[in-house]
Amino acid sequence: MTTLVVETSEGVQIRLDLAGAGSRFAAALLDSIILGIGSLLFFLVLAAIASIDSSGFSGFLLGIYLGGLVLLVVAYHFAFHLLDKGFTPGKRILGIRVVSTNGQPATAFQLLLRALIQPIDVLLFVPISIGLVAIAAGSRSQRLGDLAAGTMVIRPTVQSYVEDPFPGETWSTMPFKALPLTPALVLRLTPDERSFLRALVTRRGLIGDAKRDLFVKTVKNYSEKLDLGPFTDARDVLKELYLFLREFPAQPAG
């Protein structure tokens, strides 16, 4: 399995396991079977209606359906990737997912562009598809659609449950408080900012300069937003702020 190292916007390097040609082919095969069965059932229904429809309208619809199979493939992949956050039924079964090359979730435009090139990538397996050749040849295992859209397919790492940090400790019982915190300050933070603080405090695998730099950048951001003033130790600030937010969750204004 190929591992790719990317750097987040916070300057932290993360490792992503790229999905190989085998798992991607198996996922594509499953999606093709699902799409094929659905298409066949729809075709049979239209054909049955056409056989008893004297107006010829159902036959017209049948002709449009047959001519629009390529668009059906595009719609299938775009809709599932968009609605299921980078997964199709086949990809979910195989445990692989489409993301942007920076490791972030792919945008709707990226997924649409990727889906539009899907018919070219699967162009007839004679003897093998263009997409599989591109996957095998590229360093990031990208097919043509991935290269055009700036996406790649990864195998998400299963995150183990992380226990709440500082068990038994509360902000109120801290022997020394360095920050001028009040419950009203909580309203200045968005739910994402509060969630990010917990994710940072519980995050594993950060060491050395990367950990220190991320802690300092984060504390500077929260300090400016909450008017906390200067600080000396980013770790102590994060702990106190985390314990405070855990004890005083967001409350309605007024």
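Residues numbered from 1 in each chain as written. Predicted model: local features only at pLDDT ≥ 70, side-chain atom pairs only at ≥ 80, totals over all residues. Heavy atoms only, no water.

1. Overview of the overall build of the protein
Part 1 of the reasoning: Within the protein, the regular secondary structure consists of 11 helices and four strands.
Part 2 of the reasoning: When contacts within the protein are restricted to residue pairs at least 6 apart in sequence, those whose partners lie at least 24 apart make up 66%.
Part 3 of the reasoning: Counting only carbon and sulfur atoms, one obtains 65% of the accessible surface of the protein, whose full area is about 15,000 Å². (Helix = DSSP H or I, 4+ residues; strand = E, 2+ residues; numbered from the N terminus. Contact = heavy atoms within 4.5 Å. Areas by Shrake-Rupley, 256 points an atom, 1.4 Å probe, with all protein chains shown as cover.)

2. Digging into the pattern of salt bridges
Part 1 of the reasoning: In this structure the tally under the stated criterion is six salt bridges.
Part 2 of the reasoning: For Asp-146, the salt bridge is made with Arg-24, and the minimal N-O distance between the two is 2.8 Å. Residue Asp-146 is located in helix α8 (residues 144-149), and its partner Arg-24 is located in helix α1 (residues 21-52); the two are separated by 122 residues in the primary sequence. For the pair Asp-146 and Arg-24, one class covers both residues: buried. (Salt bridge = Lys/Arg side-chain N within 4 Å of Asp/Glu carboxyl O. Buried < 20%, exposed > 50% of the residue type's maximum accessible area, 1.4 Å probe, protein only.)

3. A word on the side chain of Gln-110
Part 1 of the reasoning: Within the secondary structure, Gln-110 is located in helix α5 (residues 108-116).
Part 2 of the reasoning: On the basis of relative accessible area, Gln-110 is assigned to the buried category, the value being 12%.
Part 3 of the reasoning: In this structure Gln-110 touches Ser-100, Ala-149, Gly-150 and Thr-151, once residues within four positions along its chain are discounted.

4. A look at helix α9 (residues 191-202)
Part 1 of the reasoning: A rise of 1.5 Å per residue sets the reference length of α9, with its 12 residues, at 16 Å; its end C-alpha atoms lie 17 Å apart and thus fit the reference within 8%.
Part 2 of the reasoning: The set of residues buried in α9 consists of Glu-193, Leu-197, Leu-200 and Thr-202. (Expected span 1.5 Å × (residues − 1).)

5. What to know about the packing of α9 against helix α11 (residues 234-247)
Part 1 of the reasoning: Running from N to C, α9 and α11 point in directions that differ by 130°, and their axes come no closer than 10 Å. Classified by the angle their axes make, α9 and α11 are oblique. As for the relative orientation of α9 and α11, their crossing is left-handed in sense. In this structure, α9 uses Arg-194, Leu-197, Arg-198, Leu-200 and Val-201 to contact α11, whose residues at the interface are Leu-238, Leu-241, Tyr-242 and Leu-245.
Part 2 of the reasoning: Looking at the contact of α9 with α11, its residues break down into seven nonpolar, no polar and two charged. (Axes fitted to C-alpha atoms, helices over the stretch in contact; angles between N-to-C directions. Parallel < 35°, antiparallel > 145°, perpendicular 65-115°, else oblique. Left-handed = near helix turned anticlockwise from the far one by under 90°. Nonpolar A, V, L, I, M, F, W, Y, C, P; charged D, E, K, R; others polar.)

6. Considering the confidence of the model for the protein
Part 1 of the reasoning: Residues of the protein with pLDDT of at least 70 account for 77%, and the chain-wide mean is 78.
Part 2 of the reasoning: For the protein, the element scoring lowest by mean pLDDT is helix α2 (residues 57-67), at 64; α5 scores highest, at 94. (pLDDT = per-residue confidence, 0-100.)

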